[in-house]
Amino acid sequence: MATTNSLKNELSKKDGIGQASAISNSVKGLMDSPAVKKRFEEVLCERAPQYMSSIVNLVNSDTNLKKCEPMSVIASCMVAATMDLPVDKNLGYAWVVPYGTKAQFQMGYKGYIQLALRTGQYKAINVVEIREGELINWNPLSEEVEIDFIQKKSDKVIGYAGYFKLLNGFEKTVYWSKEEIEIHAKKFSKTYSFKNGVWQTDFDSMAKKTVLRNLLSKWGILSIEMQKAYGADNNSIKDTILKQDNVEIDFDTGEMIEDIEYIDPEDESFEGTAFEDK
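Only a predicted model underlies this, so the values are computations on that prediction, with no experimental measurement involved.

What counts and what doesn't
Residue numbers restart at each chain and count upward from 1, following the sequence in its written direction. For this predicted model, a pLDDT threshold of at least 70 governs which residues receive local features, and a threshold of 80 or more governs which side-chain atom pairs are given and counted, while totals over whole chains, interfaces and linings are taken from all residues. Hydrogens and water molecules were not included; the side-chain quantities draw on all heavy atoms of the structure. To qualify as a helix, a DSSP run of H or I must reach at least 4 residues; to qualify as a strand, a run of E must reach at least 2; elements of each kind are numbered from the N terminus. Only protein chains enter the accessibility calculation, which uses a 1.4 Å probe; a residue is then buried when its area is under 20% of its type maximum, exposed when over 50%, and partly exposed in between. Contacts: residue pairs with any heavy atoms within 4.5 Å of one another. Here the Shrake-Rupley method, with its probe set to 1.4 Å, supplies the accessible areas, and only the displayed protein chains count as covering residues. The angle between two axes is taken between their N-to-C directions and runs from 0 to 180 degrees, where each axis is a line fitted to C-alpha atoms and a helix contributes only its stretch in contact. A pair of aromatic rings is counted whenever rings of Phe, Tyr or Trp (Trp by its six-membered ring) have centres within 6.5 Å, and the orientation is called stacked for planes under 30 degrees apart, edge-to-face for over 60 and tilted otherwise. Charge-over-ring placement is defined geometrically: NZ (Lys) or CZ (Arg) within 6 Å of the ring centre, and within 35 degrees of the ring normal. Two strands are counted as paired when DSSP detects at least two bridges linking them. Per residue, pLDDT captures the predictor's confidence, and it can take any value from 0 to 100. The term nonpolar core refers to a set of buried residues drawn from Ala, Val, Leu, Ile, Met, Phe, Trp, Tyr and Cys, joined through side-chain atoms within 4.5 Å.

Chemist: What is the right way to read the overall build of the protein chain from this model?
Modeler: Scanning the protein chain from N- to C-terminus turns up eleven helices and nine strands. Looking at the protein chain as a whole, 46% of its 278 residues are labelled buried. The long-range share in the protein chain, meaning contacts at least 24 apart out of those at least 6 apart in sequence, stands at 63%. When the accessible surface of the protein chain is totalled, it reaches about 14,100 Å², and 47% of it is carbon and sulfur.

Printed below as a string of structure tokens:
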């Protein structure tokens, strides 16, 4: 019976381009296996083939993601699939981000907006960058903010504002300065300093997600999907996401098995890699 340990040991024997190619091919091979297909079909029904093709395309287009263990890639994509969010990184709904040899699921701010809209309780919801000169006044106690977009002095982003209004008339606005975002990210995000993390490649999107996530968690309507998103966002994905009815998938053969041994993703070390937190 193949385990994550045996898979990891086998892959560790390969390096460079050969390793990336082998893992990439493994992802494609696993996506073609009947067991994995069945699991995605259970979640997505007739949309499963298109979604699975997008996963293969995602891996093929990302050199760093090719170096991740196939199981972590597929498990992260399955999380997005259970929330019916695309994993195309250009869309910004959800990301499958490579950290060392593990892939990790991350929500995008557009994903949170999508889940909020699905509740049918929001009349309006948005989050935007605030540029130099646009902020007139912000009262953190009453949470009243005055913004004049006509007064923009430059393209320099100084902060981010989030807003929503419910159908019942309740509305809320918050403002975070860029400095507050950076302090929050350094304190709470374990991936903030990762070289190829989304914080480094797309700071504005992650900043807007931070503002929106905080706004909705405190004042918004939390659907079951939204609660699931909060739990999965930026956290290690348990391998049981691919488990159904006490049966799991053998990621070496693509067959259904039981009692497979797993490594907890939280134990993964990035020491000595390009992703080491320095």
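Having seen the structure, we can now continue with the description.
Chemist: Help me out: how do you make sense of the side chain of S177 in this one?
Modeler: The topology assignment puts S177 in strand β7 (residues 171–177). What makes S177 buried here is its relative accessible area of 16%. For S177, the residues in contact, after removing those within four places along its chain, are I158 and G159.

Chemist: Looking at this structure, I do not really get the packing of helix α7 (residues 109–118) against helix α10 (residues 203–219). What am I missing?
Modeler: The axes of two packed helices give the description: the angle between them and the distance between them. The geometry of α7 relative to α10 is characterised by a closest axis approach of 8 Å and an angle of 30° between their N-to-C directions. Facing α7, whose interface residues are Y109, Y112, I113 and A116, α10 presents S205, K208, K209, L212, R213 and L216.

Chemist: Looking at this structure, how should I read the packing of aromatic side chains?
Modeler: How two aromatic rings sit relative to each other is given by the distance of their centres and the angle of their planes. The tally for this structure, following the rule as stated, stands at six aromatic pairs. One aromatic cluster in this structure is built from Y122, F164 and F170. Here the basic side chain of K172 rests over the ring of W219, its NZ or CZ set 3.9 Å away from the ring centre. The residue whose ring lies beneath K178 is F203, and the NZ or CZ to ring-centre distance is 5.4 Å.

Chemist: I would appreciate a short explanation of the pairing of strand β6 (residues 157–166) in the present structure.
Modeler: Sheet faces and side chains relate simply in a regular strand, where the side chains alternate between the two faces. Across the ten residues that make up β6, a large majority, seven, are buried. Where β6 and β7 come together, seven bridges link them in antiparallel fashion. Among the inter-strand pairings, F164 is bridged to a residue of β7, identified as K172. The antiparallel pairing of β6 with β7 creates a hairpin that spans four residues between the two strands, and G169 there sits at a positive phi of about 100°.

Chemist: Would you mind showing me how to read unusual backbone geometry here?
Modeler: The general pattern is negative phi for most residues beyond glycine and trans for most peptide bonds. Positive phi, normally seen in glycine, also occurs at C45, with a value near 60°. Residue C45 is classed as partly exposed on the basis of its relative accessible area of 47%. Of note in this structure, D84 is not a glycine but carries a positive phi near 55°. Along the chain, the position of D84 falls in the loop between α6 (70–82) and β1 (94–99). Taking relative accessible area as the criterion, D84 reaches 35% and is therefore assigned partly exposed.

Chemist: Would you explain the environment of F194 in this entry?
Modeler: Relative to the helices and strands, F194 resides in the loop between α8 (178–188) and α9 (198–201). Taking the C-alpha atoms as reference points, F194 and P98, separated by 96 residues in sequence, lie 10.0 Å from one another.

Chemist: Mind showing me how you'd approach the confidence of the model for the protein chain here?
Modeler: Where the model shows low pLDDT, its predicted coordinates should not be examined in detail. Summarising the model, the protein chain shows a mean pLDDT of 80, and 74% of its residues fall at 70 or more. Per-residue pLDDT stays below 50 along residues 13–17; that stretch engages in two contacts with residues further than four places along the chain or on separate chains.

Chemist: I keep staring at the nonpolar core and nothing clicks. Help me out?
Modeler: In a soluble, globular protein the nonpolar side chains are often hidden away together inside. Membership of the largest hydrophobic core comes to 64 residues, with the highest contact counts inside it found for M31, F40 and L216. Residue contacts for M31: discarding those within four places in its chain leaves V36, K37, F40, M52, I55, V56 and I74.

Chemist: Looking at this model, I keep getting lost on the environment of S154. Mind explaining?
Modeler: Here S154 is to be found in the loop between β5 (144–147) and β6. Accessibility expressed as a relative area gives 24% for S154, which makes it partly exposed. In sequence terms S154 and R131 are 23 residues apart; their C-alpha atoms lie 6.8 Å from each other. Ignoring sequence-local partners within four residues, the contact set of S154 consists of R131 and E132.

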